[in-house]
Structures are given as structure tokens and as C-alpha cells.
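Residue-level structure breakdown
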Amino acid sequence: MHTKQEQDAHNIQPSSLPISIAGVTKSYGPLKVLSEINLHIRSGEFMTLLGPSGSGKTTLLMTIAGFIRPDSGSLKFGDEEMILRAPHLRGVGMMFQNYALFPHMSVQANIAYPLKIRGEDRETIKARVRDVLETVQLGGYGSRRISELSGGQRQRIALARAIVFKPKILLMDEPLSALDKNLRELMQLELRTMHEQLGMTTVLVTHDQREALTMSDRIAVLRSGKIAQVDTSEKLYSEPNSEFVAAFMGESSFLAVDADGALFGFHGRKLATESVAADATARHFLVLRPEKLEFITEEERPSYNSFEGTVEKFLFQGESCLVHVRLTTGELVQVRRNLRESNKSVLPKVADQVLLGLHPNETRIVTGE
Ligand code: ADP
Ligand code: MG
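For clarity, every value in this text was computed on a predicted model and none was experimentally measured.

Quick word on the site of ligand 1
Around ligand 1 lies a shell formed by Tyr28, Leu31, Val33, Pro52, Ser53, Gly54, Ser55, Gly56, Lys57, Thr58 and Thr59. Gly56 is positioned with one of its backbone polar atoms (N or O) 3.1 Å from an oxygen atom of ligand 1. A distance of 2.8 Å is found between an oxygen atom of ligand 1 and a side-chain nitrogen or oxygen belonging to Thr58. Considering ligand 1 on its own, with 560 Å² of exposed area, one finds that the protein chains cover 57% of that surface. Elements with a contribution of two residues or more to the shell around ligand 1: strand E2 (31-41) and helix H2 (57-65). Among the elements that line the shell around ligand 1, the one with the most residues is H2, at three residues. Along the lines of polarity and charge, the residues of the shell around ligand 1 split into four nonpolar, six polar and one charged.

This is the structure in C-alpha cells:
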């Protein structure tokens with residue numbers, strides 16, 4: 001005999017499941033939309049699929065949801081293979097831009113829908129809808145009609161409907177892209193907080209790198225149906241593995257550098273870096289993030305990789321300034337300085353000759369085309 005407590009302990013279900021994608025491939029005619037995708041998403045992780053339009057993000061998400069069947073490969077939730085399972089039997093919550101609410105129905109009826117089709121009883125449905133409306137901060141809105149709500153409120157209701165049946169996996173495709181900037185940023189924080197509270201495994205699709213950096217535990221960057229890099233926000237930003245990823249993750253200039261064995265040179269001057277050269281046929285580029293470049297003095301030069309140039313433009317941009325510097329070797333690079341932290345007297349003016357410093361720890365070299 002088991003005590004009641006032991007039985008309860010047995011009944012505790014995990015609130016999330018890991019997702020394992022292995023060798024997933026999908027073509028439409030000659031177009032290979034997903035090519036040998038391998039990705040493990042940890043239980044409870046917030047993973048973002050980030051990439052330019054047409055890179056295969058939606059196709060990959062729809063494959064996880066079950067609306068697209070790949071040509072080959074495996075998809076597991078926990079230990080269970082999902083490839084042949086119908087979407088409504090996968091138990092995932094979904095929030096898509098075009099996954100519309102029923103406009104003629106009340107908020108209550110919209111949110112109750114997933115519970116109804118799962119055969120929950122009326123009392124349970126009532127309690128769950130009330131709870132989830134609190135979660136999305138729309139407590140008391142149950143009897144409103146969808147047509148009476150603002151865009152932001154509708155997105156919250158769509159989210160409530162996606163999570164009301166306590167899915168272990170939540171999938172979202174560009175859920176905030178229709179909202180204006182302020183509301184979008186607010187909803188990003190709220191989604192993140194909700195994820196921390198509820199803990200389901202979450203996969204978000206976006207083409208907005210800032211949104212990805214803000215929200216994710218890890219980001220998978222897609223390019224032409226392949227995964228270019230999977231890493232935390234910090235790592236993707238500071239250690240991109242390619243020119244593509246570096247260019248996609250924020251502002252940067254790229255300088256072509258020469259690889260000579262394990263050493264890199266820029267116009268014959270050796271660069272101090274921990275990056276290592278790829279094979280001899282690859283082209284290498286130095287990644288220059290505007291905020292990592294500093295204006296240095298001749299005395300400071302030995303601790304930096306340095307570049308001489310002339311200021312072409314000086315742009316005030318509120319809390320920071322952007323300085324365009326033409327290097328003596330011909331390339332144009334951009335330097336961003338925070339105006340609150342910088343001593344304004346040391347900032348250069350247009351036509352000034354300057355010395356730019358890049359610390360060896362910030363000197364990142366990637367391969368590109
Ligand atoms: P993303 O969401 O990253 O913008 P998608 O996954 O929607 O990209 O699409 C990836 C590529 O697959 C695009 O080139 C798109 O035109 C193509 N594609 C998507 N769905 C179909 C389809 N049903 N038939 C033919 N081509 C498609
Ligand atoms: Mg898409």
C-alpha cells in the first residue's frame with residue numbers, strides 16, 4: 001500500500017520536456033528548406049530560432065508542431081518519437097501571428113477552447129481560465145469580446161490560450177512582430193518572466209536579433225536551412241563563428257586579414273588574438289564591434305592592436321556617439337562611444353588624426369566569403 005503522499009509524489013508530472021531534433025531534412029521540389037538539422041533543446045530551456053527571412057525558421061517550428069512532416073530525420077519530446085504523431089496529439093501550446101482568435105467569441109470562450117476539446121469539466125475550465133487571465137495580467141477580462149480588445153491585449157489572450165492547458169512545450173512564431181516597439185519590449189519581458197514562472201520548454205521564432213538577445217537562454221542562428229551556430233546570447237555576440245553570424249548579431253565592420261600559419265596580419269602588421277586560423281583556403285575577417293574600439297594614445301599602443309586613421313564623420317546619437325574613421329589603409333570603420341562615460345574632451349573632431357585600439361581579448365577573427 002502506498003500512502004497518499006507517496007501517490008502524490010508519483011503523480012507529479014514534469015512541467016517541461018526536452019526536444020531532440022536529429023537529421024531533419026525538408027525539400028520543396030529542388031529547394032532544400034531544411035538541411036540535416038540537429039538541435040537539442042533542454043527541458044525548460046528558452047530557445048530562439050533566429051535568422052533572415054526565408055532561412056527555414058517557420059518550417060522548423062511547424063515540423064516541431066507537427067504541421068509539416070520532414071522528408072527524413074527524427075524529432076523526440078523526451079524519449080518519444082513524434083514524427084508520425086498528429087499535431088493535436090503532441091500536447092504543445094502554440095502562439096502564431098496568424099493563429100487567430102475567434103473574434104465573435106468572448107475572451108473566456110477563446111481561452112476555454114483548448115480545455116473543451118480536451119474534455120475538461122466546467123468547474124476546472126472556469127478555474128483555469130481565471131488563473132491564466134491573471135498570469136497574462138488581464139484578470140477580469142473574461143466576458144469581453146475579442147473585438148473590444150487592443151492589439152497587445154489580443155496577443156496576451158493568444159498567449160493565455162496557448163498555455164491554459166499547461167503544455168510542456170510552447171512554440172511561438174514571431175508572436176510580437178505586429179506590436180509597436182514599446183509594447184513589444186514590454187511583452188518580451190513579460191514572456192520571459194512567465195517562462196521563468198511556468199518553466200515549459202519554449203521555442204521562439206524571430207528575425208529580430210535584439211529580441212533574441214533579450215529573451216533567450218540560447219539562440220540557434222539559421223542560414224539557408226542550416227544551423228550556423230547555437231550558443232548563449234553573450235557567446236554569439238562575443239564569439240561568433242562566422243562573418244554571417246557576426247553581421248547578423250548587431251553592428252560591425254569587417255576587415256580582411258591574412259592568415260600565415262597560426263598568425264594573423266593586417267596589412268603586414270601582426271595581430272594579437274586568441275582566434276585560430278581555419279584551413280588555408282578560408283578567407284579570414286577581423287570583427288570590429290563599434291563599442292569595442294577605443295581612442296588610445298601612443299603610450300597605450302603596446303597593450304592593443306592599433307589602427308591609424310582620420311575622422312570622417314561624428315554623429316551624436318543621444319546617449320552615445322558614432323565616429324566614422326577612415327583608416328590609412330583605406331577601410332572605413334565605426335567607433336561607438338558612450339557619452340556619459342567618455343570624457344568628452346578626449347573625443348575627436350572631424351579631420352582629426354586618431355589612433356584606434358582594440359584589446360587582444362576583444363580581437364575576434366572569423367571566416368567568411
Ligand atoms: P522563415 O520562417 O525563416 O522566413 P520559411 O520556413 O517560412 O522561412 O521558408 C523557408 C523557405 O522555404 C523559403 O524560401 C520559402 O519560400 C520556402 N517555402 C516554405 N513553405 C513552402 C511551401 N509550402 N512550398 C514551397 N516553398 C516553401
Ligand atoms: Mg517565418
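Digging into the nonpolar core
Counting 34 residues, the largest nonpolar core has Ile111, Ile157, Leu159 and Leu170 as its most contacted members. Counting only elements with at least two residues in this core, the list comes to helix H3 (107-117), helix H4 (122-135), helix H5 (151-163), strand E7 (169-173) and helix H6 (181-198). Here this core takes six residues from H5, the largest share from any one element. Once residues lying within four places of it in the same chain are set aside, the contact partners of Ile157 are Leu101, Val107, Ile111, Leu133, Leu138, Ile146 and Leu149. Residues Met47, Ala65, Met94 and Ile169 belong to the second largest nonpolar core, which totals 28 residues.

Scoring rules and cut-offs
By convention here, each chain's residues receive numbers from 1 onward along its written sequence. Chain letters start at A and ligand numbers start at 1, both assigned in the order the entries are written. Side-chain atom pairs in this predicted model are given and counted only at pLDDT of 80 or more, local residue features only at pLDDT of at least 70, and totals for whole chains, interfaces and linings cover all residues. Only hydrogens and water are removed before side-chain values are computed, so all heavy atoms of the structure are retained for them. Neighbouring residues are identified by heavy atoms, a residue being near a molecule or strand if any of them is within 4 Å of it. Within 3.5 Å is the distance limit for a polar contact, defined as a pair of N or O atoms, with the added protein rule that one can donate a hydrogen and the other accept it, and that residues adjacent in sequence qualify only through two side-chain atoms. Here the open area of atoms and residues is found with the Shrake-Rupley method and a 1.4 Å probe, where only the protein chains shown may cover a residue. In this text, helices come from DSSP runs of H or I with a minimum length of four residues, and strands from runs of E with a minimum of two, each type numbered from the N-terminal end. Under the scheme applied, nonpolar residues are Ala, Val, Leu, Ile, Met, Phe, Trp, Tyr, Cys and Pro; charged residues are Asp, Glu, Lys and Arg; polar residues are all the others, including Gly. Here, the term nonpolar core denotes a set of buried Ala, Val, Leu, Ile, Met, Phe, Trp, Tyr and Cys residues that are joined through side-chain atoms within 4.5 Å. Only protein chains enter the accessibility calculation, which uses a 1.4 Å probe. A residue is then buried if its area is under 20% of the maximum for its type, exposed if over 50%, and partly exposed in between. Only heavy atoms matter for contacts: two residues are in contact if any of them lie within 4.5 Å across the pair.

Remember, this is a structural readout, not a statement about activity or role.
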